[in-house]
Structures are given as structure tokens and as C-alpha cells.
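Examination of the molecular architecture
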Amino acid sequence: MNRTRAMGSLVLSGMLVASVSGATAAQDAGELVVLCTPQEDWCVEMTKQFEEQTGIDTTYVRLSSGEALARLRAGAEAPEFDVWWGGPADGQIAAGAEDLIEPYISPNAAAISDEQKAADGTWTGVYVGALGFCSNQAEIERLAIEVPDSWEDLLAPELASNVAVAHPASSSTAYTTFYTQVTRLGSEEAGLDYMKALHPNILQYTKSGSAPGGMAGRGEIATAIIFSHDCIKNFEEGFTDLVVTFPSEGTGYEIGAVALVKGAANPDNAKKWIDWSLQADTQEIGPTVGSFQLPTNPDAAVSDLSVALDEVALVNYDFDAAGAARTTLTQRFEDEVAAEPVE
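Now for a look at the structure at hand.

Digging into the packing of aromatic side chains
Two measures describe an aromatic ring pair: the distance that separates the ring centres and the angle between the ring planes. Summed over all chains, the structure comprises 16 aromatic pairs. For the pair Phe-178 and Phe-333, a centre-to-centre distance of 5.7 Å together with 55° between the ring planes defines the contact as tilted. Of the two residues, Phe-178 sits in helix H5 (residues 172–185) while Phe-333 sits in helix H11 (residues 319–336), which places them 155 residues apart along the sequence. We classify Phe-333 as buried; its relative accessible area is 0%. Pairwise contacts between aromatic rings join Trp-42, Phe-50, Trp-85, Tyr-127, Trp-273 and Trp-276 into one cluster. The ring of Tyr-194 carries Arg-184 above its face, with NZ or CZ at 5.1 Å from the centroid.

Listed below in C-alpha cells is the structure:
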């Protein structure tokens, strides 16, 4: 596996402006409930360290982005969460369009590139990751094909029932996959046509965006469509047949975001979490638990296992347009391609 140090083109220069508000000693009161979208071990470590540093009783619920959006809708009258941390920003953008989150401009947001935050403070980027292919080299060799490195490669008949991706209704990884096709092919109809063409090669649409990586690691499929950092995590955890490639036509990427839930029971503590999540040292927590996304704070150290974005062909992914189209496009996917998976 290629292990290049990343100082990607999306991580721009800047300076940390302020430390987390009040999060210096166990003097703060109350509690905080985090809606957490990244992998579980990162959620655990983030909430543990925030509680230790602030004295705020901190808990989390881990949900994929689609599930998170649905829970926010269901609880809009009496929100059960205070802050939404992680997951591609199109999820927070969709939530903002439904008046489920509210603006907060952290003093620490000055360190974050304008490309990686909403000007009105409805969301602020905390990490970046690129979508890619996670292939099992042994399975690829068994099929007597080359490791896929283009979107068209995934349509090969040799890969029938040998690819997995999450469902866009439950996963922002999958929605990023879908909207990447819309972007690179020029229209929603063309993007939907590609997903229909890919469908015969899909063994399973999972609920979790990262789950296909484990399937590839175990040899259940030849290729998973996931964020590259999730493939690297699986590789580091022992699935050493895995290899990461990126589509030559261009791929989508995520800006993982943090946002304040509208009507939160603990808004002051939620703001402290947002301030803290934008600090350089906080953004260095991820690699300690095997999460190799790129930090948005330019003062944060970058893991040697993170992808170099300036070496990857990226599509011109429009997060605002993706967020605005999310509800309609995921419903069309469910109606015209595949029903949403159920437990």
C-alpha cells in the first residue's frame, strides 16, 4: 500500500486563533450529547478526551449520516443531541435546509480555509477524505483482472456480485459516490444511469459507509467503494491483501463537518465542543485510533498514512448542490435502483 505523507491541496495555510472556550479545567458544568458520525473508536476517544479536559459529562450516539439526519428530523421538536460531529458536510447542509441546525462561528474557525466551512457558520470542516476503491488483491487475481482504477472498470462483467457500497439513504459515503457520478457525468440523470449500470455488480448495499471495507478485507468481495482512509484503517488492522486505488476520471471527497443542533439542550457546551474540535491537537487524535483523514487545521500534524490529495484527481464536488439534492436523489435511488437495506 502506498503510504505517502499528505499536505493536500485542500488543506490550506492559516493559524490557530483561540483555544477551546473554557475547556481548560474541570470547571464546566452540565452535559453534552454528541451525534457522532465517524467510526466508533474515534467517537469514543473524542468524547473521552473532551470530558477529561472540560469536566463536562459527555456521551455520544454513533450513527451514519443518513441515519443522523433522520434522527434529527424525528426529534426536531425536542432535540436529543447538542452537536453533530463528523460525516460529509452535505449531511449538515441538508439539515440546515430543514432548519435542524443553527449557525455558530467559532473563534477557532479563523484557522480553517474558507473552502472548508460555511460562511454563515452553519458547518465547519474538521477533516477531509477522498473517495476511492478498496480492493482485495487475492480476489482480483482469482478473477484474472486488474485492480480497478476507473469508474468504468467497476462495470466489468467479471465483477458481477463482487462490489459493495453503502446505500445513499443511510450513508454519506454512498451519497458521495452517487453525487460524484452526477458531477463527473454532468447531470442527475446521467449519474443515476451509472448507478443503474453498476447495480448488477453490487453484492450488497450496506447501511454503514465503511462496512464494505471489511467485506473486501475478508475476501467476500473483490472491491469496495469507500473513503480511502477507511481502507487504510482496515489494512493497518490486519487485512493486508487490501490495496487502495483512485478512479482516473476523478473522484469525490468529503469535508467532515461539525454543527450546532438547533434547539439543543446544552448549546454552550456544544459550542465548547465545536471550538475544541477545530484545535490542531484535537485533530491529531484521529490517527491515534486508526482514522487517517486529513485535518482541516493547518497546524495539525498529518499522518504518513493519510492520502496526498494533490496526487489524486478530484471532481469539482459542489457541497451546497449535493446537500440541496440529497433528499430527492436518495429517494430516486431507492425507487429506481435499490430499496434501502433493513436490519
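Examining the state of the cysteines
For the structure shown, the criterion picks out two disulfides. In this model, Cys-36 is linked to Cys-43 through a disulfide, with the two sulfur atoms separated by 2.1 Å. Sign of the S-S torsion, about -95° for the bond between Cys-36 and Cys-43, identifies this disulfide as left-handed. Accessibility expressed as a relative area gives 1% for Cys-36, which makes it buried.

Some words on the pairing of strand S10 (residues 253–261)
Along S10, nine of the nine residues are buried, which leaves the element largely enclosed by surrounding structure. As paired strands, strand S4 (residues 101–102) and S10 are joined by two bridges and run antiparallel to one another. Of the residues in S10, the one forming a bridge with Glu-102 is Leu-260. Pairing of strand S5 (residues 124–136) with S10, which is carried by six bridges, proceeds in the antiparallel orientation. Bridged to Ala-130 within S10 is Tyr-253.

Quick notes on the packing of H5 against H11
With their axes 10 Å apart at the nearest point, H5 and H11 run at an angle of 100° to one another. Comparing the axis directions of H5 and H11 gives the class roughly perpendicular. Within the contact between the two elements, H5 uses Ser-172, Tyr-175, Phe-178, Tyr-179 and Val-182 and H11 uses Ala-321, Ala-322, Ala-325, Arg-326, Leu-329, Thr-330 and Phe-333. The class makeup of the residues in the contact of H5 with H11 is nine nonpolar, two polar and one charged.

Remarks on the pattern of salt bridges
This structure, assessed with the given rule, holds 14 salt bridges. In this structure, Asp-90 and Arg-326 form a salt bridge, with 2.9 Å as the shortest nitrogen-oxygen distance. One end of the pair, Asp-90, is in helix H3 (residues 89–97); the other, Arg-326, is in helix H11, with 236 residues separating them in the sequence. Here the two residues Asp-90 and Arg-326 agree in accessibility, since each one is buried. A salt bridge links Arg-218 to Glu-220, with the shortest nitrogen-to-oxygen separation between them at 2.7 Å. Linked by salt bridges that have partners in common, Glu-189, Lys-196, Arg-332 and Glu-336 make up one network.

Comments concerning helix H8 (residues 228–236)
Buried residues dominate H8, accounting for eight of its nine residues. Looking only at H8, the buried set comprises Ser-228, His-229, Asp-230, Cys-231, Ile-232, Lys-233, Asn-234 and Phe-235. Along its buried surface, H8 packs onto helix H1 (40–54), S5, helix H7 (211–217), strand S8 (223–227), strand S9 (242–245) and S10. Gly-238 sits one or two positions beyond H8 and adopts a positive phi of about 120°.

Criteria and thresholds
- Residues numbered from 1 in each chain as written.
- Predicted model: local features only at pLDDT ≥ 70, side-chain atom pairs only at ≥ 80, totals over all residues.
- Heavy atoms only, no water.
- Phe/Tyr/Trp six-rings, centres within 6.5 Å; stacked < 30°, edge-to-face > 60°.
- Helix = DSSP H or I, 4+ residues; strand = E, 2+ residues; numbered from the N terminus.
- Buried < 20%, exposed > 50% of the residue type's maximum accessible area, 1.4 Å probe, protein only.
- Lys NZ or Arg CZ within 6 Å of the ring centre and 35° of its normal.
- Disulfide = S-S within 2.5 Å.
- Pairing = 2+ DSSP bridges.
- Axes fitted to C-alpha atoms, helices over the stretch in contact; angles between N-to-C directions.
- Parallel < 35°, antiparallel > 145°, perpendicular 65-115°, else oblique.
- Contact = heavy atoms within 4.5 Å.
- Nonpolar A, V, L, I, M, F, W, Y, C, P; charged D, E, K, R; others polar.
- Salt bridge = Lys/Arg side-chain N within 4 Å of Asp/Glu carboxyl O.

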